[in-house]
Number of protein chains: 2
Amino acid sequence: MRTRVIGAVQGRSPFSLVIRNVRIVNVYNDTVTEGSIGIVDDRIAYAGPMDFACQAEEELDGGGCYALPGFVDAHMHLESSMLTPAHFAEVVLACGTTTVAADPHEMGNVLGLEGVRALREAAGGLPLRVLMMAPSTIPSAPGFEDSGYDVGPEEAARLLDLPGISGLGEVMDFHAVAAGETRILSVVEEALKRGCLVDGHASLLTGRDLQAFRAAGIDSDHTLRTADKLREELALGFNVQIQSGNLSREMAEAMNSAPVQDQICLVTDDVPLPKLMERGHLNRVVAEAVALGLDPVRAVRFATINPARRLRLYDVGAIAPGMAADIQLVRDLREPRPEAVFCAGRPVCRGGRLLEPLPRPDLSAVLRGTVRCAPVAESDLVIPAPAGETALVNVIREDGVSARTTRAQRELPVTADADGHPALDTGGYLKMAVFNRYGKRQHGLALIEGMGPVSGAVALTYGHDAHNLTVFGGNDADMALAANGVIEMQGGICAASGGRLLTQVPLPLAGLLSPERPETLLAQLRAFLSDCARMGFHHKDLMSFFTIMPLAVSPEIKCTDRGLVDVAHKRFLPLIEERRGS
Amino acid sequence: MRTRVIGAVQGRSPFSLVIRNVRIVNVYNDTVTEGSIGIVDDRIAYAGPMDFACQAEEELDGGGCYALPGFVDAHMHLESSMLTPAHFAEVVLACGTTTVAADPHEMGNVLGLEGVRALREAAGGLPLRVLMMAPSTIPSAPGFEDSGYDVGPEEAARLLDLPGISGLGEVMDFHAVAAGETRILSVVEEALKRGCLVDGHASLLTGRDLQAFRAAGIDSDHTLRTADKLREELALGFNVQIQSGNLSREMAEAMNSAPVQDQICLVTDDVPLPKLMERGHLNRVVAEAVALGLDPVRAVRFATINPARRLRLYDVGAIAPGMAADIQLVRDLREPRPEAVFCAGRPVCRGGRLLEPLPRPDLSAVLRGTVRCAPVAESDLVIPAPAGETALVNVIREDGVSARTTRAQRELPVTADADGHPALDTGGYLKMAVFNRYGKRQHGLALIEGMGPVSGAVALTYGHDAHNLTVFGGNDADMALAANGVIEMQGGICAASGGRLLTQVPLPLAGLLSPERPETLLAQLRAFLSDCARMGFHHKDLMSFFTIMPLAVSPEIKCTDRGLVDVAHKRFLPLIEERRGS
């Protein structure tokens, strides 16, 4: 009962805390007002000029900082940080993010219901408010890969009925939705009949297909890249969620001039650890949007009250009486880096540092031991070829900048393997192998053009979206070594060169997350990337390259544990085409 | 599953209905687009130019009308129409209202939990979507009146846990909230801990008191009358709900220029039947607001998507794929009077007329027999006086225009009653009596200045908020006659003059509602008002005068079944002051 809240406002009993001398950013009317914030327990009791007699158990001088609501991230994935929820919270709380809606899509691919449950439990009891969604699209490319779980309507129902689940995570198979395919529509139906949120991913849809996607009951998108798409999606009632990579001057201007703005959010989606540690979280998206011309107070609105309402959090996202006391104090509204962060009325960060360590639930029970994969032999990596001098090979062309690939056909020489059988001579190409790590003895092989020459090899269990064991290398011996290194760690990232294991980054939690502190993991990842550079791996965003190459919904040609996939035409490609001539 | 919805958009299966040639008002971006609306079952599947091959089971030419979402009324009371929910639906559907959030405050006062349950059941199964709130403030003036129920935290919990209850109805005792009184805060707490809506009524609050009210967890107000109050409440995160009587040019301009508008709604609150039948429902509020300068498309937004979101109806309030197919076609956007209304995809009204009769649930079981009141004798109406020639009397001054009253003291002559005891000579004053009708033998008496001379009497069981039996008259004989007429009808409105009963308007359902059709009840009410005029009752809004005079939270002095109440000072007043002199 809010007796003490009202008593404090009326001066009869003390506020728990009064933050004085702040410029309060009001997301309800786009104003900034000098004043104070009175807090009782976990709630804001008063906000504004405090020109009346009142009591306070504690007072804090805000030093003229802007007081903003804590940022609310309406669409993100915890796993991209490779951190446990508690370590993730530690990093993002210091960036002013106090609420996130997490779609545990990666964890769901590896461990399904049990993984989502464990992640949700690990994300509970933190000062960071974590809403957990039920992942909807597992595997990402049904029939083209095998992951650790499979979400049909029954699994979706079980996921949605887990305690503390807030809605259905991004429905990614937009073509299937727009085509009216039963499997995905029946998954969506489970969410609709429970009356909960349904998030979407509508990247390539427009016009009639986009209307079909919306008509299916899906009403958000976080993949839009142009101002035209923004306007089209707003007109259809989508909650449009703009992420860093999709910002532009044109987009900022379109956001500024939208006649109705309550469905616009800024989100992070995936932020890999190095970017997170170096540049920030949702505060970075805000700063980038403002730098591109978005009005700063509006940017705050798009990162606080709008996402809170989207998430149906009715007492979050604004500094006003009755609201949860999630507050950040920032010096520069255009580039928010909080000097202090309060969650539910408690000071949590000061000067970018946690004031108290966060509870760290033990994740070991369910999440360990998830790499069920036989040791990799060099012979697994040999590409058998028909007898002859050459073979016509489908190779993946990579531009070294993005993870978008194209298909090419190359005539490659045929030699003999260790046993004298004809095999492809893959010199000059980067070899890729994907081993199922969920107990199926299957692997796919591919050759990548434009990424060589490379002297060693790397292996990872973090590979979208099935997170099978993915290996890249210039020679089979180092590939097998790296792969076996990862299997031995039961998940992680490993480099090998010249018959020696180099950096190992253990990700023993589902093969996705490290138990280490953020700084430690960051140092490990940097060491790994240095190894890669020395081995000759060069790419503008090498970690994205490694982790997206097995993603069989990403254009144009990728490799999964089942083999080479022509994504655009939804078909397998043979690695070696039937020989021309004879 | 939405297979057919998507099939229709993709041209593979038919739409149930296509409405062609309409100007679609898009509340997501304030635009108007020529096109068609494709409906499948109860849902909009497509909206916009339909320049592709598709099938339709039925087509309709919209004749170039504007297509708007059905209006959504975020705050209203069904009982003020005195109609059953089905009859009410018939009237308002023809006005374009397709969703209402009803606070059964009157029914709750009379019959508590059972009454609310019965009203909710009667409001189910109609094309009109009726959200039912749990009334929160019963009685309105605890300690100053006795109604049929009493809402403390336990009753609030039971009301909120009834199936189909959407939130807590307007918390009216704003002074008690702002003062932090336990009873009302614990009622609010029941709603907050269930995570549901909490509506408010904050009429006289401003500044710190308004912040206290908001801090209590109450976040709407429908009583604001000025642009300043609009801006103040918006800044605090209230959902501001503007009703007809509170519109002005200044208010329209303030709505137009509010930087963030998603918390502005137009609502009806109370609309008595004559006004409802003659002028309309939420469409009238829209038309009035537009006439005062509010942008028409914005007015539609404030009467559709904004209230729908307030009510947490996520698929209501817009013409877009995926939304409920609640649609009205109107010729004039500035004065909407729908030519056709569709609810959940079905045509419901055409040219202001229902296409099919609505189901009419039987309300008799619970709602009848609610006037538990002994017959009224003339002697009950005598005002005993101390012996002497005159007495100093507290009288109610009424201005004949509003229901705001003021207190006056008058020296009145003392005569003898039938038994020879001294009694007040009340000639020239309108006498008012309020008899408890919930089994308590108590009544209050008052004298009203400025409403006479009157020759007969009227009696009603509809009297805010306790709905006791209220009688007004120029002589005790006709007052007793009218009162007994109402008791005999077991609820209703009655006039008597010269020893004869005149018009009788039976309201046998809880003493509040008529089972008659709207036209019949309207004719009865008009006949009653004609009787009143002939008897000498003159007031700008006589029905409001009759029904608000017992309301002990309405300024400044009112009379309940417990007696004369000084509302501003929250105390009883003696009818006769201690005699001056001796």
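Just so it is clear, the structure is predicted and the values come from calculations on it, not from any experiment.

> I would appreciate a short explanation of the interface of chain A and chain B in the present structure.
Put simply, an interface is often sized by how much accessible area is lost when its parts join up. The partner chain B presents 52 residues to the 52 residues of chain A that form the contact. Buried area between chain A and chain B, both sides added, is near 4,500 Å², and the carbon and sulfur share of it is 54%. Taken together, the connections running from chain A to chain B amount to two salt bridges. One salt bridge connects D262 of chain B with R309 of chain A, and the closest N-O pair in it is separated by 3.0 Å. Applying the counting criterion to the chain A and chain B interface returns 21 residue pairs in polar contact (both at pLDDT 80 or more). Of all the secondary-structure elements, those providing two or more residues to the side of chain A that touches chain B are α1 (3–9), β4 (43–48), α5 (174–178), α6 (182–193), α7 (207–215) and α8 (227–235) of chain A. At six residues, the largest contribution of residues to the side of chain A that touches chain B is made by α7 of chain A.

> Looking at this structure, I do not really get the relation of the copies chain A and chain B. What am I missing?
Both copies of the chain are placed relative to one another by a rotation about an axis and a shift along it. When chain A is brought onto chain B, the operation consists of a screw motion whose angular component is 180° and whose axial shift is 0.0 Å, with 0.1 Å RMSD remaining. What the rotation and shift describe, once combined, is the action of a two-fold rotation axis. Taking C-alpha positions as reference, the residue of chain A nearest the rotation axis is D262 of chain A, located at 3.3 Å. The fraction of interface residues of chain A whose copies in chain B are also interface residues reaches 100%, indicating that both copies meet through the same surface.

> Is there a simple way to explain the UniProt feature "domain: Amidohydrolase-related" (unreviewed entry) in chain A in this structure?
The UniProt record annotates "domain: Amidohydrolase-related" (unreviewed entry) at residues 66–348 of chain A. With 39% helix and 19% strand, residues 66–348 of chain A has its two end C-alpha atoms placed 17 Å apart.

> Is there a simple way to explain the packing of aromatic side chains in this structure?
Evaluated as defined, the whole model comprises 16 aromatic pairs over all chains. Judged by centre distance (5.1 Å) and plane angle (35°), the rings of F472 of chain A and F546 of chain A are tilted. A residue pair is termed long-range when its members are at least 10 positions apart, and F472 of chain A in strand β26 (residues 469–473) and F546 of chain A in helix α17 (residues 542–548) qualify at 74 residues. For F472 of chain A, a relative accessible area of 0% gives the class buried. Taking relative accessible area as the criterion, F546 of chain A reaches 0% and is therefore assigned buried. Taking 5.4 Å as the distance between ring centres and 80° as the angle between the ring planes, the aromatic pair formed by F537 of chain B and F546 of chain B counts as edge-to-face. Neither residue differs from the other here; F537 of chain B and F546 of chain B are each classed as buried. Among the aromatic residues, those joined into a ring-pair cluster are F472, F528, F537, F545 and F546 of chain A. Sitting above the plane of the F238 of chain A ring, R214 of chain A keeps its charged end 6.0 Å from the centroid.

> Hey, could you run me through the sheet that holds strand β20 (residues 390–398) of chain A in this one?
Neighbouring strands of a sheet are bound in pairs by backbone hydrogen bonds; such pairs are parallel or else antiparallel. Residues and elements named next belong to chain A. With mixed pairing, the nine strands of this open sheet are ordered in space as β22-β21-β20-β24-β23-β26-β25-β27-β28. Both edges of this open sheet fall to β22 (422–424) and β28 (500–506), since each of them pairs with a single strand only. Strand-to-strand twist in this sheet, taken as the mean axis angle between neighbours without regard to direction, amounts to 25°. Bridge analysis of β20 against strand β21 (residues 405–416) gives nine bridges, and the strand direction is antiparallel. If you follow T390 over to β21, its bridge partner there is P413. Taken strand by strand, helix α15 (residues 476–489) contacts β23 (430–435), β25 (457–460), β26, β27 (492–497) and β28, and its axis lies near 150° from that of β27. Of the strands in this sheet, β25, β27 and β28 are in contact with helix α16 (residues 518–535), which crosses β28 at around 150°.

> It is not clear to me how the UniProt feature "domain: Adenine deaminase C-terminal" (unreviewed entry) in chain A should be interpreted in this structure. Could you clarify?
Per the UniProt annotation, the sites labelled "domain: Adenine deaminase C-terminal" (unreviewed entry) are residues 405–569 of chain A. In residues 405–569 of chain A, helix accounts for 24% and strand for 35%; the two terminal C-alpha atoms are 14 Å from one another.

> Help me understand the pattern of salt bridges in this model?
Should the charged atoms of two oppositely charged side chains come close, the side chains can pair. Residues and elements named next belong to chain A. Across all of its chains, the model carries 69 salt bridges over all chains by this definition. For the salt bridge of R4 with E57, the shortest nitrogen-to-oxygen distance reads 3.8 Å. Residue R4 is located in helix α1, and its partner E57 is located in the loop between β5 (55–56) and β6 (59–61); the two are separated by 53 residues in the primary sequence. Since its relative accessible area comes to 55%, E57 is described here as exposed. R562 is the partner of D146 in a salt bridge, and the nearest nitrogen-oxygen pair spans 2.7 Å. In this pair, D146 sits in the loop between β10 (129–134) and α4 (153–160) while R562 sits in the loop between β29 (557–560) and β30 (563–566), placing the two residues 416 residues apart along the sequence. Each of E90, R360, R517 and E519 takes part in salt bridges that share partners, so that together they form one network.

Thresholds applied
Residues numbered from 1 in each chain as written. Chains lettered and ligands numbered in written order. Predicted model: local features only at pLDDT ≥ 70, side-chain atom pairs only at ≥ 80, totals over all residues. Heavy atoms only, no water. Contact = heavy atoms within 4.5 Å. Buried area = accessible area lost by both parts, 1.4 Å probe. Salt bridge = Lys/Arg side-chain N within 4 Å of Asp/Glu carboxyl O. Polar contact = N/O pair within 3.5 Å; in protein donor to acceptor, adjacent residues only side chain to side chain. Helix = DSSP H or I, 4+ residues; strand = E, 2+ residues; numbered from the N terminus. Least-squares fit on C-alpha atoms with pLDDT ≥ 70 in both. UniProt positions renumbered as here; feature names shortened; annotations may be inferred. Phe/Tyr/Trp six-rings, centres within 6.5 Å; stacked < 30°, edge-to-face > 60°. Buried < 20%, exposed > 50% of the residue type's maximum accessible area, 1.4 Å probe, protein only. Lys NZ or Arg CZ within 6 Å of the ring centre and 35° of its normal. Pairing = 2+ DSSP bridges. Axes fitted to C-alpha atoms, helices over the stretch in contact; angles between N-to-C directions.

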